[in-house]
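Report on the structure
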Amino acid sequence: LAKTTQPISMDSYEGQEVNITCSHNNIATNDYITWYQQFPSQGPRFIIQGYKTKVTNEVASLFIPADRKSSTLSLPRVSLSDTAVYYCLVGAVHTSGTYKYIFGTGTRLKVLA
Amino acid sequence: NAGVTQTPKFQVLKTGQSMTLQCAQDMNHEYMSWYRQDPGMGLRLIHYSVGAGITDQGEVPNGYNVSRSTTEDFPLRLLSAAPSQTSVYFCASSYQGSGWGTDTQYFGPGTRLTVL
């Protein structure tokens, strides 16, 4: 498993760009990087996924350097509604012919007015 | 599609009681899993299933049982509830992919369980 390390929490102000970095030094060649967003009292939901370089969708951008040992989720011009926990998930744990997804502790983003 | 549904939304149990948390999905996903989330903490994997009749343990399986008799349903049973099992429980499902992280996990709304 490519163990991930993220900051525990971050504060930002409305209108700012927020970058959350995830470290995954032991990422495997085939592993994809996926970010999930969890609002209070809700289940996590998929935001973005990538393998290398840059991926952008209507919600966020994901930057992955050539060595793939880290990735950065970028949220442009955040609003109060972006207050949530953000999880970086890299690959899966493969055991006995199957696999399982292990989430880390995530980054708690608080957007201030 | 209703996606992933969980019942009940809230439950209060007394220590020693047993109960079953229900999870169902209508997306024909083979892969299903259960997570628990304690206050202010991340998600911890309890059990998972790669298809009907196949289940396996996650990070924190003690005190919980699962079975998978159909593709759609994946119930989680608490055998003898303890206060340490007070938590929010999330069920998730996805397609059975390669296991390299390409499979999007779809989560249910959660069940908030309190054990007194």
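Since the structure is predicted, the reported quantities are computational estimates derived from the model, not experimental observations. (Residues numbered from 1 in each chain as written. Chains lettered and ligands numbered in written order. Predicted model: local features only at pLDDT ≥ 70, side-chain atom pairs only at ≥ 80, totals over all residues. Heavy atoms only, no water.)

Further remarks concern the interface of chain B and chain A. Reports of interface size often rely on the accessible area that becomes lost once the parts have come together. Each side of the interface is counted separately: chain B has 30 residues, and chain A has 27 residues. Taken as a group, B:Leu43, B:Trp100 and B:Gly101 account for 26% of the area that chain B buries against chain A, more than any other trio of residues on that side. Where chain B meets chain A, there are 0 salt bridges. Only β4 (31–37), β5 (43–51) and β6 (54–57) of chain B provide two or more residues apiece to the side of chain B that touches chain A. Ranked by the residues each element gives to the side of chain B that touches chain A, the list is headed by β5(B), at 4 residues. Of the residues assigned to the side of chain B that touches chain A, the class counts are 12 nonpolar, 14 polar and 4 charged. (Contact = heavy atoms within 4.5 Å. Buried area = accessible area lost by both parts, 1.4 Å probe. Salt bridge = Lys/Arg side-chain N within 4 Å of Asp/Glu carboxyl O. Helix = DSSP H or I, 4+ residues; strand = E, 2+ residues; numbered from the N terminus. Nonpolar A, V, L, I, M, F, W, Y, C, P; charged D, E, K, R; others polar.)

On to the packing of aromatic side chains, then. Residues and elements named next belong to chain A. Here the structure, examined in full by the defined rule, presents 13 aromatic pairs over all chains. Between tyrosine 36 and phenylalanine 46, the aromatic rings sit 6.2 Å apart at their centres with planes inclined by 85 degrees, giving edge-to-face as the arrangement. With a gap of 10 residues between them, tyrosine 36 in strand β3 (residues 33–38) and phenylalanine 46 in strand β4 (residues 45–50) connect regions that are remote in the sequence. Against the face of tyrosine 51 rests arginine 68, its NZ or CZ located 4.0 Å from the ring centre. (Phe/Tyr/Trp six-rings, centres within 6.5 Å; stacked < 30°, edge-to-face > 60°. Lys NZ or Arg CZ within 6 Å of the ring centre and 35° of its normal.)

Moving on, we come to the environment of A:Gln38. With respect to the helices and strands, the residue A:Gln38 is situated in strand β3. Linking A:Gln38 and A:Tyr86, residues 48 residues apart in sequence, is a C-alpha distance of 6.4 Å.

A few words on the sheet that holds strand β3 (residues 19–25) of chain B. Residues and elements named next belong to chain B. Taken in spatial order, the 4 strands of this open sheet run β1-β3-β8-β7, and their pairing is antiparallel. Of all the strands in the sheet, just β1 (4–7) and β7 (64–66) have a single pairing partner and so form its edges. Averaged over neighbouring strand pairs, the angle between their axes works out to 20 degrees when direction is ignored. Of the strand pairs in this sheet, β1 and β3 are connected by 4 bridges, and their pairing is antiparallel. In the strand pairing of β3, threonine 5 is matched with alanine 24. (Pairing = 2+ DSSP bridges. Axes fitted to C-alpha atoms, helices over the stretch in contact; angles between N-to-C directions.)

The next thing to look at is the nonpolar core. Residues A:Ile33, A:Trp35, A:Leu73, A:Leu75 and A:Tyr86 are the most contacted members of the largest nonpolar core, which totals 21 residues. Looking at this core, the element that brings in the most residues is strand β8 (residues 84–90) of chain A, giving 4 residues. Setting aside its immediate chain neighbours within four residues, A:Leu75 contacts A:Gln16, A:Glu17, A:Val18, A:Val59, A:Ala60, A:Tyr86 and A:Leu109. Within the second largest apolar cluster, 20 residues are counted, among which are A:Val85, A:Ala92, B:Tyr48 and B:Phe90. (Core = buried A, V, L, I, M, F, W, Y, C linked by side-chain atoms within 4.5 Å. Buried < 20%, exposed > 50% of the residue type's maximum accessible area, 1.4 Å probe, protein only.)

The next point concerns unusual backbone geometry. The linkage connecting B:Thr7 with the following residue, B:Pro8, adopts the cis geometry, with an omega of -5 degrees. Its location among the elements puts B:Pro8 in the loop between β1 and β2 (10–13). Positive phi outside glycine occurs at A:Ser41, with the angle close to 65 degrees. In this structure, A:Ser41 sits in the loop between β3 and β4. With a phi close to 60 degrees, B:Asn28 is a non-glycine residue in the positive phi region.

Moving on: the state of the cysteines. What the rule picks out here adds up to 2 disulfides over all chains. The disulfide that involves A:Cys22 links it to A:Cys88, with 2.2 Å between the sulfurs. Handedness here is read from the sign of the S-S torsion; for A:Cys22 and A:Cys88, about -80 degrees, the answer is left-handed. Taken together, the positions of A:Cys22 in strand β2 (residues 18–23) and A:Cys88 in strand β8 put the pair 66 residues apart, joining distant regions of the chain. With respect to class, A:Cys22 is no different from A:Cys88; both count as buried. At a sulfur-sulfur separation of 1.8 Å, the disulfide partner of B:Cys23 is B:Cys91. Disulfide B:Cys23-B:Cys91: torsion about the S-S bond near -70 degrees, hence left-handed. (Disulfide = S-S within 2.5 Å.)

Geometry only, nothing functional implied.
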